[in-house]
Amino acid sequence: MSPEITAGLFGIIGVLVGGLVAWWLQKDRSSTDFRIALEAIKTEHMAETTARHFLSHQGYTDRSFELLSERLGGFEEDELRRILVRAGAIRYIRKDGSEFWRLLSRESEAIARARARSESSEPSDDDI
């Protein structure tokens, strides 16, 4: 074989081997990145599920932000507020300045309870 053909064959083999190694390394890196991203999403999803659980309690339509931040520890206040919004909750501030949250889907239930409470004029505590 001529030296030009030999050099060309080794060049092609080198490019193929280098390409396969680069592909394999990139595949390994992307699977690791995918697992890390999935874990982050899983944490956020579980936080939303837990927030929905506390806001869906049968006896209480409203929950104080203090209670929710105590139960869902490990999140900054604004981050927890974003989680609550993603879970479908709305915020309102009571006359005393305290922050409460309620699921938007339970708004009609809360209105009905408030009407019944105002008709009977009994005091209530909407948070445990």
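One can find the structure itself at the top, above this paragraph.
Note that the structure is predicted; figures quoted are calculated from it, not measured.

What counts and how
Residues numbered from 1 in each chain as written. Predicted model: local features only at pLDDT ≥ 70, side-chain atom pairs only at ≥ 80, totals over all residues. Heavy atoms only, no water. Phe/Tyr/Trp six-rings, centres within 6.5 Å; stacked < 30°, edge-to-face > 60°. Lys NZ or Arg CZ within 6 Å of the ring centre and 35° of its normal. Core = buried A, V, L, I, M, F, W, Y, C linked by side-chain atoms within 4.5 Å. Buried < 20%, exposed > 50% of the residue type's maximum accessible area, 1.4 Å probe, protein only. Helix = DSSP H or I, 4+ residues; strand = E, 2+ residues; numbered from the N terminus. Contact = heavy atoms within 4.5 Å. Salt bridge = Lys/Arg side-chain N within 4 Å of Asp/Glu carboxyl O. Expected span 1.5 Å × (residues − 1). Pairing = 2+ DSSP bridges.

A. Here's a closer look at the packing of aromatic side chains. Counting across every chain of the model gives 1 aromatic pair. The ring of Phe 65 has Arg 81 lying over it, and the distance from NZ or CZ to the ring centre is 4.3 Å. For the cation-ring pair, Arg 94 lies above Phe 100, with the distance from its terminal atom to the ring centre recorded as 3.6 Å.

B. A look at the nonpolar core. Within the largest apolar cluster, 12 residues are counted, these being Ala 51, Phe 54, Leu 55, Phe 65, Leu 68, Leu 72, Leu 80, Leu 84, Ala 87, Ala 89, Trp 101 and Leu 103. Put simply, the parts of the chain that give this core at least two residues each are α1 (3-55), α2 (65-71), α3 (77-86) and β3 (99-103). Counting residues per element, this core draws most heavily on α1, at 3 residues. If sequence neighbours within four positions are ignored, Phe 65 has contacts with Glu 77, Leu 80, Arg 81, Leu 84, Glu 99 and Trp 101.

C. Highlighting the pattern of salt bridges. Evaluation of the coordinates by the stated rule reveals 11 salt bridges. Between Arg 91 and Glu 99 there is a salt bridge, with its nearest N and O atoms 3.8 Å apart. With a shortest N-O distance of 3.2 Å, Arg 102 and Glu 107 are connected by a salt bridge. If you follow the salt bridges from partner to partner, you end up with Glu 77, Asp 78, Arg 81, Arg 91 and Glu 99 in one network.

D. The arrangement of α1 in detail. Look at α1: 77 Å from first C-alpha to last across 53 residues, which is about the 78 Å you get at 1.5 Å a residue. Buried residues along α1 sit in contact with β1 (62-64), α2, α3, β2 (89-93) and β3.

E. Focus on the pairing of β3. Here β3 lies mainly inside the structure; 5 of its 5 residues are buried. Burial of β3 is two-sided: the residues Glu 99, Trp 101 and Leu 103 facing one way and the residues Phe 100 and Arg 102 facing the other way are all buried. Relative to β3, β1 is paired through 3 bridges, and the arrangement is antiparallel. Counterpart to Asp 62 in the pairing with β3 is Arg 102. Alignment of β2 against β3, held across 5 bridges, turns out to be antiparallel. Counterpart to Ile 90 in the pairing with β3 is Arg 102. Once β2 ends, the chain turns through 5 residues before running back antiparallel as β3, passing Gly 97 with a positive phi of about 90°.

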